[in-house]
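Spelled out from the first residue to the last, the chains are:
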Amino acid sequence: MNGENPGREAPQPPAGKVSRRRVLGGVGAVVGAAAATVIPLATIGLPSTRATETPTAKRQWGMVIDLRLCDGCEKCTKACQKEHSLPEEHTWLKIVEVPREGGSYFFPKICQQCENPPCLKVCPTAATFKNPEGVILVEQDRCIGCRMCMAACPYEARYFNYEDPIIPAGALDNPMPEFPVPQKKGTVGKCVLCVHNADKGKLPFCVEACSMDALYIADYNSDVMVNGSGHTHQLSKYLYENDAFRYKEELNTSPRVWYIAGHGQDYFEY
Amino acid sequence: MPHISSTLRTVALLALLALTAATLGIHPALDARAQSEPATTTLTVQPIQHTAGEPAILSATITDSSGAAVGDVPLNFYVETDAFGPKLMKVGTAVTDVTGAASVSFDPTWEGENKVTVIFPGNAAYTTSQAETLFEAIGPIEGHVNAEFGIKTIRDWAPLVAFALVIAVWGTLLVVLFRTYRVMRRPRPATEAVPARSPRAGQALPSDER
Amino acid sequence: MTSIAISHPPYEDAALRPVVNKAGLIWWSIFLGLSAVIAVGLVAYGYQLREGLSVTGLSQRISWGFYISNLVFFIGISYGGAITSAILRLTNAPWRAPLVRLAEAMAVSALLVGAVFPIIDLGRPDHMYHLFIHGQVGSPVLWDVVAISTYLAASLLFIYLPLIPDIALCRDRLAKTSGALRRAMYRVLALGWHGSDEQKRVLNQGMTALAILIIPLAVSVHSVLAWLFGVTVRPGWNSTIFAPYFVIGAMYSGVATVILVLAAFRWAYKLEDYITLKHFRYLSYMMLVLALAYLYFMVSEYLTEGYKLHESTGALLELVLLGKLAPFFWLFVVGGILLPVLVVAVPMTRTIPLLALASLAVVLGMWLKRFLIVVPSLAESITPATKLTIYTPSWVEISITVAAAAAIPWMLMLFFRFFPIISVFEMEEAAEAEVHRREEILRGGN
C-alpha cells in the first residue's frame with residue numbers, strides 16, 4: 001500500500017532550512033534565561049583574582065641595588081642557592097655582565113616583586129600570589145607546572161624545577177611559600193625576598209652576603225633601606241638624590257626593586 | 001760706640017710691645033689658634049610638636065663650652081628605625097645659622113614614638129656632640145599604597161560576563177541534546193504511516209561532475 | 001500485500017562498505033602499524049610521568065616547546081570540520097554532503113588529540129584538579145581549558161546528531177549481519193529514530209543551532225590559544241593581531257587536512273563516485289584564499305614588528321628570517337604557502353593527487369610555522385642575562401608528537417568500522433533539497 005508520498009503534503013521547506021528564525025529565537029531565549037539565572041549566582045562562587053589585593057601589612061618590602069658598587073663576585077647568588085638548596089641553574093639572583101664602552105658593569109637581576117605582576121595575572125590556579133607585605137610568592141602545592149608565568153615574566157626571573165633538588169642531609173622537609181625549601185619537581189620557583197628571615201629580624205641571605213654594600217632591603221612603609229653592613233638610609237630621599245631607576249619601567253609592572261646607576265649607564269637596550 | 005737713633009729705639013720698643021700684646025692673646029682668633037685641642041660643644045634638640053598631616057620640624061642648636069653659638073657647621077638629623085635591629089636613618093642635614101640653630105623637615109612614616117638623634121660630626125675646631133629627643137607622630141599616617149592598575153569596571157564585570165556566556169553555550173548544548181533525545185524516544189504515533197525514504201533520494205546528484 | 005522492494009541508494013552501499021566488509025590484510029597492517037606508533041608514544045609519556053619534564057629538551061629559557069606547538073597545531077587542524085560542516089551548512093552548499101562525515105570525524109579526532117597536549121605539557125598533571133577548584137578567571141590557561149572543552153562538547157554533539165539516522169540505518173539494515181554487542185550499540189545510540197517528520201524537524205533545528213554556535217566557539221578556541229602568547233611582552237608574541245592570525249592559520253591547516261583525509265579515505269574505500277574532483281577543487285579554492293589571507297597576516301606581523309624593532313625583536317627577526325631557523329622559515333613559505341597556492345591556481349596541476357600532495361605540504365608546513373611561533377620568542381633573550389638558547393627536542397617529545405599524528409587516522413579507521421563513512425542522512429537531505437529547488441524553478445517558470 002502506497003500511503004507514503006511526501007509530495008502529497010503541503011510543500012515543506014527543504015530540509016535544512018527549517019525555521020531558522022525559530023531556532024535562533026530559541027537559542028536567544030536560552031541565552032537570556034541562562035544569563036538571568038547565572039549572573040546573580042556567579043557573584044557567589046567566582047574564584048578571586050588575588051592580583052588586585054591591596055597590601056595592608058606593617059612592612060612593604062622592596063630592594064635597592066647599587067650598580068656603582070657591584071663587582072660581580074656572585075657571593076649573593078651562591079648564598080641564596082646554598083640556603084634554599086637550589087640547583088646551579090636556579091639563579092634567583094643572577095649577576096649579569098653587561099658590556100659597555102670601555103669595559104662592562106655588573107647587573108644583579110632578581111625578581112622585581114612587581115606591584116602589577118604579569119606572573120600573578122596569568123597563573124591559572126593562583127599558585128602565584130602576593131603576600132600582605134607585597135612580596136610575590138609561589139604556593140608549590142597549587143602549582144601545576146604549566147609555566148605560563150615563566151612565559152609572562154618580562155624579567156626572566158622564574159625557574160622551573162625539572163629535577164628534584166638535592167637536599168642536604170638533616171634539612172627539614174617542610175616547604176611553605178615563604179620558605180619553599182626543598183623545591184618540588186614540576187613546580188616553579190623564584191626569589192622570595194627571604195620573607196622568612198624578615199619575620200625573625202634577619203636580612204635576606206643575598207643582602208647579608210654582599211661584601212660591597214651594593215644590596216639593600218627596603219621597607220616602603222617606614223621609608224628605610226638597610227644593607228648587609230647596617231648602612232641605613234631614608235629610602236625616598238636616597239632614591240631621589242641618586243636618580244634611581246626601575247628596570248623596564250615602561251612595561252608598567254611597577255617593580256619594587258630600584259637600581260642606582262653609575263658607570264655612565266642609563267638604560268639597557270632591552 | 002755707634003749711635004742708635006732715638007727713632008729706631010722707639011720703633012723697636014713699639015714692635016716689642018706689639019709682639020708681647022699679640023703673644024698675650026688679645027685677639028680671640030689668635031687665642032684659639034694658639035690652643036692645641038678642639039673646643040667641646042653642646043647640642044640641644046628643641047622639643048618637637050607634630051600635628052597630623054603635617055611634617056615634623058626637627059631643630060637643634062649647637063653652642064660651644066662658653067655658651068656661644070657655633071654657626072656655619074653642618075648638623076645631621078637621624079630618626080631611629082627598627083629595621084633589622086635599631087638603626088639610625090639619616091633624614092636630613094642642615095647648616096647652622098649665626099645663632100647656631102639648624103632645622104630640617106621630616107615626614108614621619110609611622111604613628112607613635114619617633115626617636116630623633118642629632119649629631120654634630122665635629123671638625124678641627126670643635127668636638128663631635130649629639131643629642132636625642134622623642135616625639136609622638138600623630139596619625140593617621142598612610143603607609144605605601146600600590147598604584148591602581150586596570151580599569152575597575154572591566155575587572156569587576158568581565159569575569160561575570162564571560163562566565164554567563166560559557167553557561168549559556170553549555171545550556172544551549174544541553175537543550176539541543178535533551179530535545180533531540182526526547183523526540184527520539186517518543187514512539188511513532190500509530191496513525192502515522194511509515195515514511196519511506198524518498199525514491200528520489202536514491203538518485204545521484206545530477207550536477208555531479210566526474 | 002505488496003512488499004516494497006526497498007531501494008538503497010548507491011551512496012548508502014558505499015557508506016556502509018567499510019562497516020560491512022571484513023577488515024582485510026591491508027587494513028590490519030595499517031591499523032597495527034599505527035597502533036605500534038601510538039604505543040611508543042604512550043610508553044614515552046609514561047616515562048615522562050615518572051621522571052618529570054627533565055626528559056624533554058626544555059630548559060629554563062625555552063620552557064615551551066613541542067607540546068605547546070602541537071597543542072596549537074592539532075586544535076588548528078580540527079577547524080576543517082567547523083568549516084566543512086558548519087559554514088558550508090549555513091551557506092547551504094549542497095556539495096558538502098558527501099564530505100561532512102569525514103570532516104567532522106577528523107575534527108573530533110584532532111580535537112581529542114590536541115586537547116591532551118596541555119596535560120602532557122604540565123609539570124604536575126596530578127595536581128590538575130586545582131584548575132577546577134581554584135581556577136582564576138584572568139588566566140589564559142583557564143580560558144583554554146574552558147574553550148577547548150566547550151568546543152569539544154559542541155563538536156561531539158555536532159557529529160552525533162546527523163549520525164543518529166545513520167546509526168538507525170545500521171541498526172535496521174545490518175541487524176542480521178552484526179553481533180549482539182554491535183546490535184545493542186546501534187540500538188542504544190540510535191535513540192529510537194524512526195525517520196518521522198517531527199524527528200527530522202527537531203534534528204535539523206538542533207543541527208542548525210549547533211552550526212551557528214560552533215562558529216563563534218571555534219573562533220574563540222584559537223583566539224584563546226593565541227592569547228596564551230599574546231598577553232605576554234615577548235618579542236614576536238607581543239602583537240595585537242595574534243588572535244585572528246591564529247584563527248586564519250587554523251582554518252588554513254584545517255581545510256588542508258580535510259583535503260588530505262578525503263583523498264586518503266576516498267582512495268582506500270573507493271568512494272570516487274561520491275567524492276569527486278569537484279569537491280577537491282572547491283575545497284582547494286578555499287585553501288587558496290586562506291593561504292593568501294595567512295600570508296597577508298604574516299606580512300603584516302613581520303612588517304610592523306620589523307619596522308619598529310622594539311626591544312629584542314631585531315635579534316628575533318634575524319634568527320627566524322636570516323639565521324639558524326631561516327631554512328625552516330623559508331621552507332614553510334615556499335613549501336607551505338607558495339607552492340600550494342601555485343598548485344591550486346594553475347588548472348593543469350589541479351588534480352586530486354597533486355592537490356593531496358599540496359595539502360600535505362600545507363599541513364606539515366603549518367606544523368613548522370607553529371613551532372616557529374612558539375620557540376624562537378623564547379630562544380631569544382629579553383634580558384641581558386641570556387643570548388640565544390638552543391632547543392633540541394628529545395626522543396620523548398618526538399615520539400609523542402608522531403604518536404599524536406598517528407592517532408588521528410587510527411581513530412578514523414576505527415570509527416568507520418562502525419559508522420558510515422558518508423553521511424547518508426545529509427546526502428538524502430541534499431538530494432531532497434535539490435529536488436525541491438528544481439521543482440521551484442519549474443513552478444516559477446510557468
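(A) Spotlight on the overall build of chain B. Of the regular secondary structure elements, chain B holds three helices and seven strands. Secondary structure elements in chain B, listed N-terminal to C-terminal, are α-α-β-β-β-β-β-β-β-α. Within chain B, the fraction of its 210 residues that count as buried is 30%. Here the contacts in chain B between residues at least 6 apart in sequence split such that 54% fall between residues at least 24 apart. Summed over all atoms, the accessible surface of chain B reaches about 13400 Å², with 62% contributed by carbon and sulfur.

(B) Local environment of the overall build of chain C. Looking only at helices and strands, chain C has 16 helices and zero strands in total. Relative to the 2.2 N^0.38 estimate, which gives 22 Å for 446 residues, the radius of gyration of chain C is 23 Å and therefore close to what a compact globule would have. Counting only C-alpha atoms and orienting by the principal axes, one finds that chain C spans roughly 90 × 55 × 45 Å. Taken across its 446 residues, chain C has 61% of its residues classed as buried. Pairs at least 24 residues apart make up 83% of the contacts formed inside chain C by residues separated by at least 6 positions. Surface exposure of chain C reaches about 17100 Å², of which carbon and sulfur atoms provide 72%.

(C) Layout of the interface of chain B and chain C. Each side of the interface is counted separately: chain B has 30 residues, and chain C has 44 residues. Of the roughly 3200 Å² buried at the junction of chain B and chain C (both faces included), carbon and sulfur atoms supply 64%. The interface formed by chain B and chain C includes zero salt bridges. Counting every contact that joins chain B to chain C gives four residue pairs in polar contact (both at pLDDT 80 or more).

(D) Spotlight on the interface of chain A and chain C. Taken together, the contact pairs 61 residues of chain A with 58 residues of chain C. Of the roughly 5100 Å² buried where chain A meets chain C, counting both sides, 57% is carbon and sulfur surface. Our count for the contact surface shared by chain A and chain C stands at two salt bridges. The shortest N-O distance in the salt bridge between R147 of chain A and D121 of chain C comes to 2.6 Å. Applying the counting rule to chain A against chain C returns 23 residue pairs in polar contact (both at pLDDT 80 or more). Broken down by secondary-structure element, the contributors of at least two residues to the side of chain A that touches chain C are α1 (20-45), β2 (93-100), α3 (118-122), α4 (148-152) and β6 (159-160) of chain A. With five residues, α1 of chain A is the largest single contributor of residues to the side of chain A that touches chain C.

(E) Expanded view of the confidence of the model for chain B. Residues and elements named next belong to chain B. Scored by pLDDT, chain B comes out at a mean of 80, with 80% of its residues at no less than 70. With pLDDT under 50 throughout, residues 28-34 is counted as low confidence; its partners more than four residues away or in other chains account for zero contacts. Considering only residues more than four positions removed or in separate chains, one finds that residues 198-210, a stretch of pLDDT under 50, has 21 contacts.

(F) Structural context of unusual backbone geometry. A cis amide bond links V181 of chain A to the next residue, P182 of chain A, at an omega of 0 degrees. With respect to the helices and strands, the residue P182 of chain A is situated in the loop between β6 and β7 (188-189). Going from G139 of chain B to P140 of chain B, the amide bond is cis rather than trans, its omega being 5 degrees. Topologically, P140 of chain B is positioned in the loop between β7 (129-137) and α3 (152-185). Residue L193 of chain A is not a glycine yet carries a positive backbone phi of 55 degrees.

(G) Quick peek at the packing of helix α11 (residues 277-308) of chain C against helix α12 (residues 313-322) of chain C. Residue and element names in this part refer to chain C. Contact geometry for α11 and α12: axes closest at 9 Å, N-to-C directions at 135 degrees. In terms of orientation, α11 lies oblique with respect to α12. Here the hand of the crossing between α11 and α12 comes out left-handed. Every residue of α12 that contacts α11 at Y302, E305 and G306 is listed here: T313, L317 and V320. For the contact of α11 with α12, the class distribution of residues is three nonpolar, two polar and one charged.

(H) Layout of the nonpolar core. One finds F229 and Y294 of chain C to be the most contacted residues of the largest nonpolar core, which totals 180 residues. Not counting the four nearest positions on each side in its chain, F229 of chain C is found in contact with W64, I68, V72, W237, F242, F246 and V374 of chain C.

(I) The sheet that holds strand β5 (residues 101-106) of chain B, seen in detail. All names here are of chain B. If you walk across this open sheet you meet the three strands as β1-β2-β5, and the pairing is antiparallel. Strands at the two margins of the open sheet, each flanked by one partner only, are β1 (41-45) and β5. Taken over all neighbouring pairs, the strand axes of this sheet differ in orientation by 20 degrees on average, direction set aside. In this sheet, β5 lies alongside strand β2 (residues 56-64) in antiparallel orientation, the contact comprising six bridges. Looking across to β5, one finds that I57 is bridged to S105.

(J) Examining the packing of aromatic side chains more closely. Under the defined criterion, the tally for this structure stands at 45 aromatic pairs over all chains. Between the aromatic rings of Y296 of chain C and F297 of chain C, the centroid separation amounts to 6.0 Å while the plane-to-plane angle is 65 degrees, which identifies the pairing as edge-to-face. The exposure class of F297 of chain C is buried, given its relative accessible area of 16%. Following the ring pairs from residue to residue traces out a cluster consisting of W64, F229, W237, F242, Y245, F246, Y252, Y294, Y296, F297 and F332 of chain C. Over the ring of F160 of chain A we find R147 of chain A, and its NZ or CZ is 5.2 Å from the ring centre. Residue placement shows R256 of chain A over the ring face of Y220 of chain A; its charged tip is 5.1 Å from the ring centre.

(K) Representation of a nonpolar patch on the surface within the structure. All names here are of chain C. On the surface, V334, L338, L339, L342, V346 and M348 cluster together into a nonpolar patch covering about 580 Å² of accessible area. Relative to the assigned elements, V346 resides in the loop between α13 (326-345) and α14 (352-379). On the basis of relative accessible area, V346 is assigned to the partly exposed category, the value being 35%.

(L) Spatial organisation of the pattern of salt bridges. Residue and element names in this part refer to chain B. Per the counting criterion, the structure on display carries 21 salt bridges over all chains. The residue D156 makes a salt bridge to K152 at a minimum N-O spacing of 2.9 Å. Of this pair, D156 and K152 both sit in helix α3, four residues apart, which is roughly one turn of the helix. Here D156 falls in the partly exposed class, since its relative accessible area comes to 39%. According to the relative accessible area criterion, K152 is exposed, its value standing at 52%.

(M) Local environment of the side chain of R147 of chain A. The residue R147 of chain A is located in the loop between β5 (136-138) and α4 in this model. A polar side-chain atom of R147 of chain A sits 3.0 Å from the main-chain carbonyl oxygen of G145 of chain A.

(N) Spotlight on the confidence of the model for chain C. Residues and elements named next belong to chain C. Here chain C averages 92 in pLDDT, and 98% of its residues register 70 or above. Across chain C, the secondary-structure element scoring lowest on mean pLDDT is helix α1 (residues 10-20), at 85, and the one scoring highest is helix α3 (residues 66-77), at 97. The ipTM value of the predicted complex is 0.89, and its pTM value is 0.86.

(O) Main features of a negative patch on the surface. On the surface, E88, E89, E163 and D164 of chain A cluster together into a patch of negative charge. Relative to the assigned elements, D164 of chain A resides in the loop between β6 and β7.

(P) Inspection of the pairing of β7 of chain B at higher detail. All names here are of chain B. Alternating positions in β7 separate cleanly, S129, A131, T133, F135 and A137 being buried on one face and Q130, E132, L134 and E136 remaining unburied on the opposite face. Two strands pair when backbone bridges link them, and strand β6 (residues 112-120) and β7 are joined in this way by nine bridges, in the antiparallel orientation. The residue bridging I119 from the neighbouring strand is Q130, located in β7.

Cut-offs applied
Residues numbered from 1 in each chain as written. Chains lettered and ligands numbered in written order. Predicted model: local features only at pLDDT ≥ 70, side-chain atom pairs only at ≥ 80, totals over all residues. Heavy atoms only, no water. Helix = DSSP H or I, 4+ residues; strand = E, 2+ residues; numbered from the N terminus. Buried < 20%, exposed > 50% of the residue type's maximum accessible area, 1.4 Å probe, protein only. Contact = heavy atoms within 4.5 Å. Areas by Shrake-Rupley, 256 points an atom, 1.4 Å probe, with all protein chains shown as cover. Rg over C-alpha atoms; globule rule 2.2 N^0.38 Å. Buried area = accessible area lost by both parts, 1.4 Å probe. Salt bridge = Lys/Arg side-chain N within 4 Å of Asp/Glu carboxyl O. Polar contact = N/O pair within 3.5 Å; in protein donor to acceptor, adjacent residues only side chain to side chain. pLDDT = per-residue confidence, 0-100. Axes fitted to C-alpha atoms, helices over the stretch in contact; angles between N-to-C directions. Parallel < 35°, antiparallel > 145°, perpendicular 65-115°, else oblique. Left-handed = near helix turned anticlockwise from the far one by under 90°. Nonpolar A, V, L, I, M, F, W, Y, C, P; charged D, E, K, R; others polar. Core = buried A, V, L, I, M, F, W, Y, C linked by side-chain atoms within 4.5 Å. Pairing = 2+ DSSP bridges. Phe/Tyr/Trp six-rings, centres within 6.5 Å; stacked < 30°, edge-to-face > 60°. Lys NZ or Arg CZ within 6 Å of the ring centre and 35° of its normal. Patch = residues over 30% accessible without salt bridge, like charges linked within 9 Å, V, L, I, M, F, W, Y side chains within 5 Å. Lys, Arg positive; Asp, Glu negative; His and termini not counted. Charge placed at Lys NZ, Arg CZ, Asp CG, Glu CD.

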